[in-house]
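Overview (structure and organization)
The lines below spell out each chain.
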Amino acid sequence: MNSVLQMPFNYLASSKSKLTYVITSSLFTQVFLLLFQPYGLHTEIINPENTTLSIILFFQGIMVSTFLGLSLSQFILRPLFNFIQVSIKKYALWFLFEAVLITMMYFALSFFIPDLGNDFERELDVLFQLKNIFRAIVLLLFPFMFCIVYENIQNLSKEIRELESQLIHYKKNIRKNLSVETLNIEDENKNTELSIRLEQFLYAEASNQYVLIHYVLNNELKKRIIRTRLKNLEESFEMLPIKRCHRSYLVNLMNVNYLQKKGSAYVIIIENIQKISIPVSKSYLALIKGEINL
């Protein structure tokens with residue numbers, strides 16, 4: 001758990017992501033409080049002593065407090081204190097600080113916008129303000145997690161688009177500069193076991209003393225088992241766009257559609273007749289990305 005908390009917090013760094021967080025949080029507080037009316041709000045809303053105007057001002061005050069508090073935190077205080085590249089643990093403390101800041105903002109507004117019930121003495125109660133901090137944490141948690149997930153999806157989509165563009169460029173260069181048309185795959189005794197066109201080869205998979213060749217023939221996926229080692233094939237394919245992506249896999253980069261991130265791991269996706277997923281180990285990820293970027 002501690003190792004997770006020490007990981008870098010790589011979100012809410014750009015102005016766009018910060019603005020999304022501020023606006024989403026401000027709107028969410030309004031929608032959540034109006035729909036569910038928690039913390040005794042329902043009783044206050046139906047209380048005849050509270051006018052429609054006071055109810056509207058109350059909700060607007062919360063939205064304004066959230067907007068001003070988060071804007072101050074994200075756009076002024078974080079850059080001022082250089083609170084950008086920090087760990088998850090440290091940002092959790094900043095998240096708590098934002099809840100306190102919003103509570104203080106609302107307390108300041110209560111001097112101009114009376115709380116429901118017009119009981120200002122309650123605003124001065126320490127326990128009541130501590131409860132408000134807890135409520136602010138709960139309300140912020142949902143839009144905060146939404147923004148993190150949304151930003152993560154956006155980053156992954158951007159990365160996939162960039163890799164797809166790089167792959168297209170890579171394939172064009174390979175086809176332009178490559179003179180090999182037929183791929184002769186030999187066994188451990190240097191006997192040719194399979195002859196196919198380079199673009200027909202999809203990937204090779206190690207299986208003990210054998211290698212399973214996956215390829216396309218007559219618009220069908222085929223397999224051929226050959227007695228050899230993956231390292232032997234890797235050496236014979238050194239000048240070709242067939243690279244190792246895992247200790248048990250070689251892949252033809254000409255047939256790769258994109259790289260996909262699954263959790264902390266990557267997989268290579270080949271969409272040829274059917275969708276094929278091939279693991280990419282961390283030790284070969286840089287090699288694959290570097291090859292594509294050539």
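Okay, so let's go over this structure. This structure is a prediction, so every number in the text was calculated from the model and none was measured. (Residues numbered from 1 in each chain as written. Predicted model: local features only at pLDDT ≥ 70, side-chain atom pairs only at ≥ 80, totals over all residues. Heavy atoms only, no water.)

Here we come to the overall build of the protein. A count of helical and extended segments in the protein gives nine helices and 12 strands. Taken over the C-alpha trace, the protein has a radius of gyration of 29 Å; the compact-globule value for 294 residues is 19 Å, which it surpasses by more than 25%. Taken along the three principal axes of its C-alpha coordinates, the protein extends 95 × 40 × 35 Å. Across the 294 residues of the protein, 39% fall into the buried class. Pairs at least 24 residues apart make up 58% of the contacts formed inside the protein by residues separated by at least 6 positions. Accessible surface, the protein as shown: approximately 17200 Å² in total, 59% of it carbon and sulfur. (Helix = DSSP H or I, 4+ residues; strand = E, 2+ residues; numbered from the N terminus. Rg over C-alpha atoms; globule rule 2.2 N^0.38 Å. Buried < 20%, exposed > 50% of the residue type's maximum accessible area, 1.4 Å probe, protein only. Contact = heavy atoms within 4.5 Å. Areas by Shrake-Rupley, 256 points an atom, 1.4 Å probe, with all protein chains shown as cover.)

A surface patch of nonpolar side chains, amounting to about 660 Å² of accessible area, comprises Leu-19, Ile-23, Leu-27, Val-64, Phe-67, Leu-68, Phe-75 and Ile-76. Looking at the element boundaries, Ile-23 is found in helix 2 (residues 15-36). (Patch = residues over 30% accessible without salt bridge, like charges linked within 9 Å, V, L, I, M, F, W, Y side chains within 5 Å. Salt bridge = Lys/Arg side-chain N within 4 Å of Asp/Glu carboxyl O.)

Hydrogen bonding along the main chain pairs the strands of a sheet, whether they run parallel or antiparallel. Here we have three strands laid out as an open sheet, ordered 10-11-12, and antiparallel in their pairing. The sheet terminates laterally at strand 10 (258-262) and strand 12 (274-280), the two strands that pair on one side only. Neighbour-to-neighbour, the strand axes of this sheet turn through a mean angle of 35 degrees, independent of strand direction. (Pairing = 2+ DSSP bridges. Axes fitted to C-alpha atoms, helices over the stretch in contact; angles between N-to-C directions.)

Among the structural elements, Lys-275 can be located in strand 12. As for Lys-275 and Asn-257, which are separated by 18 residues in sequence, their C-alpha atoms are 9.9 Å apart. Beyond its immediate stretch of four places on either side in the chain, Lys-275 contacts Tyr-258, Gln-260, Ile-269 and Ile-270.

Now for the side chain of Asn-50. Looking at the secondary structure, you find Asn-50 in the loop between helix 3 (41-46) and helix 4 (52-80). Within the structure, the side chain of Asn-50 is placed 2.7 Å from the backbone oxygen of Glu-44, a separation counted as a polar contact. (Polar contact = N/O pair within 3.5 Å; in protein donor to acceptor, adjacent residues only side chain to side chain.)

Notably, Asn-218 is not glycine yet its phi reads approximately 55 degrees, a positive angle. Tracing the backbone through its elements, the reader meets Asn-218 in the loop between strand 6 (210-217) and strand 7 (220-227).

Relative to each other, helix 2 and helix 4 sit at 160 degrees, their axes nearing to 9 Å. Between helix 2 and helix 4, the interaxial angle falls into the category roughly antiparallel. The handedness of the crossing between helix 2 and helix 4 comes out as right-handed. Residues Ser-15, Lys-18, Leu-19, Tyr-21, Val-22, Ser-25, Ser-26, Thr-29, Gln-30, Leu-33 and Leu-34 of helix 2 lie in contact with helix 4, whose contacting residues are Phe-59, Gln-60, Ile-62, Met-63, Thr-66, Phe-67, Leu-70, Ser-71, Gln-74, Phe-75, Arg-78 and Pro-79. (Parallel < 35°, antiparallel > 145°, perpendicular 65-115°, else oblique. Left-handed = near helix turned anticlockwise from the far one by under 90°.)

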